[in-house]
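Examination of the molecular architecture
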Amino acid sequence: MTMNGFGFFARTRATREKLEQHRLRLYRIAYSWTHNRALADDLTQETLAKALRNSAQLRDHDAGAAWLYRILANCYHDHFRRTREMEEIAEETLIEHSGPEQESGARQLMRKVRAAIARLPEGQRQVVTLVDMEGFSYVEVAQILDVPIGTVMSRLCRARGVLKEWLRAELAPAAAAPEAKIRRIK
Amino acid sequence: MSEPDKYSDEFLSAFVDGQLAAEEKERVYLELSRDEALGRRVCELRGMRELVRAAYENPPLPSRLRRAPTIGRRAAGAAAALVLALSLALGWLLQTPAVSQQPPDQTAPAVGSAADAPPAAGVTGAPVRVVIHVSDSGRAHVAQALDEIEGLLKFYRAHHQNARVEVVINGDGLGMVRADAAPFPERIRRLQREYGNLVFAACQNTIDRLRRDRGIAARLLPGVVVIDSGVAQITRRQHQGWAYIQV
């Protein structure tokens, strides 16, 4: 009995440590979805807590990462269903770290990329960040977001197409020559 | 010049994300070596992906995470990812149809230097560490991988950027560095000579598997190091903050 109890706690502790290693990565994704530090932190915390509670379900460790992000996607979804403030990606958080003049070109570019991602429709934003940042396969993303794989592919494509246009408009004028008009081929 | 919509955006996205079956991939690689416009589209997609990755590599953190010991180590990696993304991004942003006299595989490096690379200014001090993953040894694929590796190294050298590039080879990629099968052994030898900051690392598991399943005792090209497991190595490197590129 004592042995069993001890084993249980040891197991829980090991699981907790294992889950904790995912915190930063989960937070990055949550931040890319919300662009809000506090909210992303809450969602990450909630995800890890839920994961710990349900860790017994997790037999197959290879499925672990996708499983965690699925929990995250659910937490995110629930949050917005509760609060109904879907439309406003807090603009101020995007401006907040647009520092003064001495901000390097690199940082500026990163900020513009984030702002562009924030402008994407939610579904596209989720797909593009999961694929690009975490390198999930399309099948995994379909499972995480609970949508058909065809939807994953079309959202991803639309997102990339739009991002390209937006960022080109932001960044190209200085660099590209006037004749550099690129016709988009469908 | 192939008809522009021979490959849909979906298809090329899937290619860039490594979601195509082997023979489809091979087909694209072959095409890439002769079709400049296609190369440009692939390059744009890759650039886009690296940009997204870099944009969140180092997000503003809540206090909880700021205390965590992992963050410090992450910062170096973020800088590396940034430089990489910038060079790729500049590559595609500056690449216009008007400059078609450039060779087809113009990726970031050459174009980045043409732009005088102002954005890189903020990060020159940080060492850039990149792990490049090769898991396919088709001739066209290896040629492309070597182009990218060399382009990257040239770019860093031209910008006096302290950089380390590690090419991790596993699975079907092993042929790239097998003495009896490598499609471009002399090119690899030249790169090794020219760039002291470049390492080719082959996966021991793959070597073992080759012996077990097909009775082949792989001999590697000189200078290629062996690591326990390609996948484990990549994971380690990523934990250490290295930027990761799959080619």
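Now for a description of the structure that goes with this document. (Residues numbered from 1 in each chain as written. Chains lettered and ligands numbered in written order. Predicted model: local features only at pLDDT ≥ 70, side-chain atom pairs only at ≥ 80, totals over all residues. Heavy atoms only, no water.)

1. Things to note about the overall build of chain B
Within chain B, the regular secondary structure consists of 10 helices and five strands. Out of the 247 residues in chain B, the part that is buried amounts to 56%. Here the analysis covers contacts within chain B between residues at least 6 apart in sequence; of these, 77% occur between residues at least 24 apart. Counting only carbon and sulfur atoms, one obtains 51% of the accessible surface of chain B, whose full area is about 10,500 Å². (Helix = DSSP H or I, 4+ residues; strand = E, 2+ residues; numbered from the N terminus. Buried < 20%, exposed > 50% of the residue type's maximum accessible area, 1.4 Å probe, protein only. Contact = heavy atoms within 4.5 Å. Areas by Shrake-Rupley, 256 points an atom, 1.4 Å probe, with all protein chains shown as cover.)

2. With respect to the overall build of chain A
When helices and strands are counted, chain A shows nine helices and zero strands. Burial analysis of chain A (186 residues in total) assigns 45% to the buried set. For chain A, the accessible area works out to roughly 10,200 Å², and carbon and sulfur atoms hold 53% of it.

3. Looking at the nonpolar core
Tyr-69 and Leu-130 of chain A are the most contacted members of the largest nonpolar core, which has 69 residues in total. Ranked by the residues each element gives to this core, the list is headed by helix H4 (residues 64-83) of chain A, at 11 residues. Excluding anything up to four places from it in sequence, Leu-130 of chain A contacts Ile-29, Trp-33, Tyr-69, Gly-135, Phe-136, Val-141, Ile-144 and Leu-145 of chain A. Listed in part, the 34 residues of the second largest apolar core include Val-142, Phe-184, Val-224 and Val-247 of chain B. (Core = buried A, V, L, I, M, F, W, Y, C linked by side-chain atoms within 4.5 Å.)

4. Here's the deal with unusual backbone geometry
One non-glycine residue, His-35 of chain A, lies in the positive phi region at around 55 degrees. By the element assignment, His-35 of chain A lies in the loop between helix H2 (23-34) and helix H3 (37-53). Despite not being glycine, His-160 of chain B has its phi angle at roughly 50 degrees, a positive value. Inspection of the secondary structure assignment puts His-160 of chain B in the loop between helix H7 (139-158) and strand E2 (163-172).

5. Description of the sheet that holds E2 of chain B
Residues and elements named next belong to chain B. The strand order E4-E3-E2-E1-E5 describes an open sheet built from five strands, whose pairing is parallel. Looking at the sheet topology across the chains shown, the edges are occupied by strand E4 (225-227) and strand E5 (243-246). Ignoring which end each strand starts from, the neighbouring axes of this sheet average 30 degrees apart. By the bridge criterion, three bridges tie strand E3 (residues 198-203) to E4 in an arrangement that is parallel. Of the residues in E4, the one forming a bridge with Ala-201 is Val-225. (Pairing = 2+ DSSP bridges. Axes fitted to C-alpha atoms, helices over the stretch in contact; angles between N-to-C directions.)

6. Looking at the environment of Val-168 of chain B
Along the polypeptide, Val-168 of chain B turns up in strand E2. Linking Val-168 of chain B and Ile-227 of chain B, residues 59 residues apart in sequence, is a C-alpha distance of 8.7 Å.

7. Notes on the packing of helix H7 (residues 122-134) of chain A against helix H8 (residues 138-145) of chain A
All names here are of chain A. Put simply, H7 and H8 touch, their axes get as near as 10 Å, and they point 135 degrees apart. Classified by the angle their axes make, H7 and H8 are oblique. For the crossing formed where H7 meets H8, the hand is right-handed. Contacts between H7 and H8 involve Gln-126, Val-127, Leu-130 and Val-131 from the first element and Tyr-138, Val-141, Ile-144 and Leu-145 from the second. In the contact of H7 with H8, the residues fall into seven nonpolar, one polar and no charged. (Parallel < 35°, antiparallel > 145°, perpendicular 65-115°, else oblique. Left-handed = near helix turned anticlockwise from the far one by under 90°. Nonpolar A, V, L, I, M, F, W, Y, C, P; charged D, E, K, R; others polar.)

8. Observations regarding the packing of aromatic side chains
Inspection of the entire model under this criterion finds eight aromatic pairs over all chains. A ring pair is formed by Tyr-76 of chain A and Phe-80 of chain A, whose centres lie 4.9 Å apart and whose planes are at 70 degrees; its orientation type is edge-to-face. On the criterion of helical spacing, the pair formed by Tyr-76 of chain A and Phe-80 of chain A is a turn pair, its members being four residues apart in helix H4. Accessibility expressed as a relative area gives 2% for Tyr-76 of chain A, which makes it buried. Relative accessible area serves as the criterion here: at 10%, Phe-80 of chain A is assigned to the buried category. Taken together, a centroid distance of 5.0 Å and an interplanar angle of 70 degrees make the contact between Phe-15 of chain B and Tyr-29 of chain B edge-to-face. On the criterion of sequence distance, the pair formed by Phe-15 of chain B in helix H1 (residues 9-16) and Tyr-29 of chain B in helix H2 (residues 22-34) is long-range, its members being 14 residues apart. Given the relative accessible area of 4%, Tyr-29 of chain B is considered buried. An aromatic cluster is present here, built from Tyr-27 and Tyr-31 of chain A together with Tyr-56 of chain B joined pairwise through their rings. Taking the ring centre of Trp-166 of chain A as reference, the NZ or CZ of Arg-119 of chain A above it sits at 3.9 Å. The positively charged end of Arg-237 of chain B is found above the aromatic ring belonging to Trp-242 of chain B, 4.2 Å away from the centroid. (Phe/Tyr/Trp six-rings, centres within 6.5 Å; stacked < 30°, edge-to-face > 60°. Lys NZ or Arg CZ within 6 Å of the ring centre and 35° of its normal.)

Function cannot be inferred from these measures alone, as they are strictly geometric.
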